[in-house]
Amino acid sequence: MAIPSQTEMYKFVLETVAEYPQFSRRQAKDAVCQKLNLSAEERSQKTSSEVPIYESRTGWAVSWLCDAGYIARVGRGMYVITEGGKQILREHLNTSEFAKRVHAGRNNQAQKESGQSAEQEDTISDTSPMERLDVIVNEMHSQLSNEIMNAILSVEGRAGDSFFERIVTDLLEKMGYGKGSVTSASNDGGIDGIIKTDPLGFNPILIQAKRYAADHCVGRPEIQGFAGALGAVSRGAFITTSYFSQAAIEFAKNYPHSDIVLIDGKKLTELMIQYNLGVSVERDIYIKRIDSDYFEQ
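Residues numbered from 1 in each chain as written. Predicted model: local features only at pLDDT ≥ 70, side-chain atom pairs only at ≥ 80, totals over all residues. Heavy atoms only, no water.

A. Highlighting the layout of surface pockets. Empty space within the largest pocket amounts to approximately 1100 Å³. Lining the largest pocket are 25 residues, and of these V137, M140, H141, V281 and R283 sit closest to its centre. Sorting the residues of the lining of the largest pocket by element identifies α7 (129-154) and α11 (265-274) as the ones contributing at least two each. In terms of residue count, the dominant contributor to the lining of the largest pocket is α7 (10 residues). Residue composition of the lining of the largest pocket, by class: 12 nonpolar, eight polar and five charged. (1 Å grid on protein atoms, 1.4 Å probe; cavity = no way out; pocket = protein on both sides within 12 Å on 5 of 7 lines; lining within 4 Å. Points joined across faces, edges and corners; volume = space filled by probe spheres on them. Helix = DSSP H or I, 4+ residues; strand = E, 2+ residues; numbered from the N terminus. Nonpolar A, V, L, I, M, F, W, Y, C, P; charged D, E, K, R; others polar.)

B. Summary view of the sheet that holds strand β1 (residues 23-24). On the basis of which strands lie adjacent, the open sheet formed by three strands has the order β1-β3-β2 and antiparallel pairing. Looking along the sheet, the strands with just one partner apiece sit at the ends: β1 and β2 (71-75). Two elements, β1 and strand β3 (residues 78-81), share two bridges in a ladder whose sense is antiparallel. By the bridge assignment for β3, S24 is matched with M78. Sheet strands touched by helix α4 (residues 53-68): β2 and β3. Its angle to β2, the strand with the most contacts, is close to 95°. (Pairing = 2+ DSSP bridges. Contact = heavy atoms within 4.5 Å. Axes fitted to C-alpha atoms, helices over the stretch in contact; angles between N-to-C directions.)

C. Region of the structure containing the environment of Y275. By secondary structure assignment, the location of Y275 is in the loop between α11 and α12 (292-295). Note: C-alpha distance between Y275 and M175 (100 residues apart in sequence) is 6.8 Å. Ignoring any residue separated from it by four or fewer positions in sequence, one finds Y275 in contact with K174 and M175.

D. Spatial organisation of the packing of aromatic side chains. With the rule as written, the count across this model stands at six aromatic pairs. Considering the side-chain rings of Y10 and W64, the 5.9 Å spacing of their centres and the 10° angle between planes classify their relative orientation as stacked. In this pair, Y10 sits in helix α1 (residues 6-17) while W64 sits in helix α4, placing the two residues 54 residues apart along the sequence. With respect to class, Y10 is no different from W64; both count as buried. (Phe/Tyr/Trp six-rings, centres within 6.5 Å; stacked < 30°, edge-to-face > 60°. Buried < 20%, exposed > 50% of the residue type's maximum accessible area, 1.4 Å probe, protein only.)

E. Region of interest: α4. In this model, α4 (16 residues) spans 22 Å end to end at C-alpha, consistent with the 22 Å of a helix rising 1.5 Å per residue. Most of α4 sits inside the fold, with 14 of its 16 residues counted as buried. The positive-phi residue at the C-terminal boundary of α4 is G69, with phi of around 90°. (Expected span 1.5 Å × (residues − 1).)

F. Summary view of unusual backbone geometry. Phi angles above zero are rare outside glycine, and N37 is one such case at about 55°. For N276, which is not glycine, the phi dihedral falls at a positive 55°.

This is how it looks when you write it as structure tokens:
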């Protein structure tokens, strides 16, 4: 059985835990996994914070069912199904109606606790809040990637090429590979940058940086030329703002004399964001979750 959506998970979790006199969050997650008979691949699907998706959705379902009054805390990290929970299961509601009742119960409870009317109802979603946050972050990173690429391509001529060579050497430095330098444009032999991975430069990484339009395909001949320029050097990185043909990828993968890494425009901007090159942090947001182990000691 596939992982239920967040909407489906409310009812599934309540049906699952109804079979237990009492349960912890960990027990609920394990029971859901067992009842779903999830494959290894399904169990390995994770959110951006490395939490398995089925665990994330189960955890949120437990929290919201508790808020709605269908389960209740009875001790340190322990829960039981309430009479209200048993009653709603007897009604045999469909998934959509069940989710609406859970959200309505949460809103009613929030209204009682605050003494005020709820300003708006929760949006019912098939994904957990963490998954929705992942979507927002990915959208923001996609936009930032476009802005980074536009900035790289906006400088015209040789000045822009030199700027790009500096970017790629700075990136490998940021990634911890060693001290980088840009080679002389008049005598680079097809090599645009060098990373010295040790103080004496015994095991360098050679770089070729090609600033192309996004629709330019880097083919096998260019990678073959780069391989020839490596000579006896065992490691090289070909970095471009565009993309590689499948033939180029296969050649680099199977080249027997050196390890050649290909970094296309998409991967380049992802790495620049990851290693904070050419970007600045606008706001830090820390997403926290309950430490179940602490409460279940």
